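Single-letter residue listing:
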Amino acid sequence: MSEPAVRFTSGTLRRAAMISAQFLLVFGALWALRNITKQLSYVLIPLFVALLLTAVLEPVVGWLVRHRWPRSLAVLAALVLGLVVVGGLLTFVVFSIIASYDELRLRVIESIGRLESWLADSSFPLSTEILTRIQDWLSGNQGQVIAQAVTAFSTVGAFLVGLVIALVLFIMFLYAGPRLWAATLLPWRPSTRVVVDDAGRRAYRGVVLYVRVTALVALIDALGIGIGLAVVGVPLAVPLAALTFVGGFIPYVGAVVSGFLAVAVTLVSNGFVAALIILGVVLAVQQLEGQVLHPLLQGNFSNLHPAVVLVALVIGGAEGGIAGALFAVPVVAAVRGVVLAVAEHHASRRAEEASTDAEPPATVDPPEPPGDGDTGSR
């Protein structure tokens, strides 16, 4: 059977040109957004941090306000609670990592040395060449990796300024969040205002759910791996568990890196059998996370496909370093909420228009002439 001939008419070329122009406009807008984000990172990163912190403590403020607390007092109580709980947890994690940083670094270097010796003595093809290339890449790109990690705040002063901005925005969002959102909706037309309101609320709910689920899952992972390390007798159980908690906020990549560090340190300090046990613990905890915790806690509300998450992490890490990797998935969850809300409103509007067009016009029967027994004619 012969294939149908393709004819390039002026209409076909015109449609192709229109589609190409639309793609160029989309890529141009993305390029402009990328440049604007990089230029305003000193403001956007504190803004994202404030939004994430607000997502954590806003339910506490809402619960207190519903129980007839003044909003100012509710915000103050939530700040104290957050400072005690979240601040204490972060302080414990940071100081645990700093206190054991030198020993942890030496153990990891020794583990890599053992791995190099094992690969060099094994019959694995091209093992020495692969290790040499990895070492050359790390030594040649070390400055670039460190520069990407501190892209936004390259000095202590810039970091302190960003911290103050995030704290001020955080307090404003907690105290006057509903009023700020109402003021944001005022310039829109009534029909568009409903869509914008729904899209904003869906995006915020997606970020809130992501933060809560990620923090809870990271805490459970840290406890599980930390208990396994303590039972086996690994000397750096506390800082390794703290690293597992921090790595839980970077999906997939953080779990792999923290699990590798736990197994590597166990291999050096406790031997091969203990490393196999910790490897089993890490795999069991990660399976529990992926198969039970995330589906049970997160459900299908902001369930992002792993491919989307990995692409977002790669783009965020390449463009924004550590900050980009941390904020990539929440931003994607928020964008997903906006797209779903707009699509649902558009579909409902189309359905209403279709039902209105399908309804036949109502016919009005002419009035009957009054009869002999009609009292109204008398």
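In this text the structure is predicted, and so the values were computed from the model without any measurement. (Residues numbered from 1 in each chain as written. Predicted model: local features only at pLDDT ≥ 70, side-chain atom pairs only at ≥ 80, totals over all residues. Heavy atoms only, no water.)

**A few points about the overall build of the chain**
Looking only at helices and strands, the chain has 11 helices and zero strands in total. The secondary structure elements of the chain, listed N-terminal to C-terminal, are α-α-α-α-α-α-α-α-α-α-α. A burial count over the chain gives 28% of its 378 residues as buried. If you sum the accessible surface of the chain, you get close to 24800 Å²; carbon and sulfur atoms cover 71% of it. (Helix = DSSP H or I, 4+ residues; strand = E, 2+ residues; numbered from the N terminus. Buried < 20%, exposed > 50% of the residue type's maximum accessible area, 1.4 Å probe, protein only. Areas by Shrake-Rupley, 256 points an atom, 1.4 Å probe, with all protein chains shown as cover.)

**Here we look at the side chain of His345**
Locating His345 in the fold gives a position in helix H11 (residues 306-358). Not counting the four nearest positions on each side in its chain, His345 is found in contact with Val194, Val195 and Asp198. (Contact = heavy atoms within 4.5 Å.)

**A short note on the environment of Ala312**
Residue placement: Ala312 occurs in helix H11. Since its relative accessible area comes to 12%, Ala312 is described here as buried. Residues Ala312 and Pro330, spaced 18 residues apart in sequence, show a C-alpha to C-alpha distance of 9.8 Å. Sequence-distant contacts of Ala312, defined by excluding residues within four places in its chain, comprise Ala328 and Val332.

**Description of the confidence of the model for the chain**
Looking at the chain, the pLDDT average stands at 75 and 71% of residues meet or exceed 70. Element-level mean pLDDT values for the chain span from 55 in helix H5 (residues 127-149) up to 85 in helix H1 (residues 10-39). Scored below 50 in pLDDT, residues 148-153 shows 14 contacts in the model against residues more than four places distant or in partner chains. For the stretch residues 373-378, pLDDT sits under 50, and the model shows two contacts to residues farther than four places along the chain or on other chains. (pLDDT = per-residue confidence, 0-100.)

**Side note on the packing of helix H2 (residues 41-66) against helix H7 (residues 190-232)**
Between two packed helices, what matters for the description is the angle formed by their axes and the separation of those axes. Taken N-terminus to C-terminus, the directions of H2 and H7 make an angle of 85 degrees; their axes are 9 Å apart at the nearest point. Relative to H7, H2 is oriented roughly perpendicular. Along its contact with H2, which presents Leu52, Thr54, Ala55, Val56, Glu58 and Pro59, the element H7 presents Tyr204, Val207, Val208, Val211 and Arg212. Class assignment of the residues belonging to the contact of H2 with H7 gives a composition of eight nonpolar, one polar and two charged. (Axes fitted to C-alpha atoms, helices over the stretch in contact; angles between N-to-C directions. Parallel < 35°, antiparallel > 145°, perpendicular 65-115°, else oblique. Nonpolar A, V, L, I, M, F, W, Y, C, P; charged D, E, K, R; others polar.)

**A look at the pattern of salt bridges**
In the structure shown here, the tally under the stated rule is two salt bridges. A salt bridge links Asp197 to Arg201; the shortest N-O distance between them is 2.8 Å. Linking Asp197 with Arg201, this pair stays in helix H7, spanning four residues, or about one helical turn. Of the charged contacts, one joins Arg202 and Glu344 as a salt bridge, the two residues approaching to 3.2 Å between their closest N and O atoms. Here the residue Arg202 occupies a position in helix H7, and Glu344 occupies one in helix H11, the gap between them amounting to 142 residues. Under the relative-accessibility criterion, Arg202 is labelled buried at 13%. (Salt bridge = Lys/Arg side-chain N within 4 Å of Asp/Glu carboxyl O.)

**Here we look at H2**
An ideal rise of 1.5 Å per residue puts 38 Å on 26 residues; H2 measures up with 36 Å between its terminal C-alpha atoms. Its axis deflected by about 45 degrees at Leu57, H2 carries its strongest bend there, up to four residues before the proline Pro59. Positioned one or two residues after H2, Arg68 has a phi angle of 70 degrees, which is positive. (Expected span 1.5 Å × (residues − 1). Bend = angle between axes of the 7 residues up to and from the residue.)

**Remarks on the environment of Phe260**
You can see Phe260 is positioned in helix H9 (residues 253-270). A C-alpha to C-alpha distance of 8.4 Å links Phe260 and Leu279, two positions 19 residues apart in sequence.

**A look at helix H8 (residues 237-247)**
With eight of 11 residues buried, H8 lies mostly within the body of the structure. Residues Ala237, Pro239, Leu240, Ala241, Ala242, Thr244, Phe245 and Gly247 constitute the buried set of H8.

**Considerations on a nonpolar patch on the surface**
On the surface, Trp69, Leu73, Leu76, Val80, Leu81, Val84 and Val85 cluster together into a nonpolar patch covering about 630 Å² of accessible area. Inspection of the secondary structure assignment puts Leu81 in helix H3 (residues 71-99). (Patch = residues over 30% accessible without salt bridge, like charges linked within 9 Å, V, L, I, M, F, W, Y side chains within 5 Å.)

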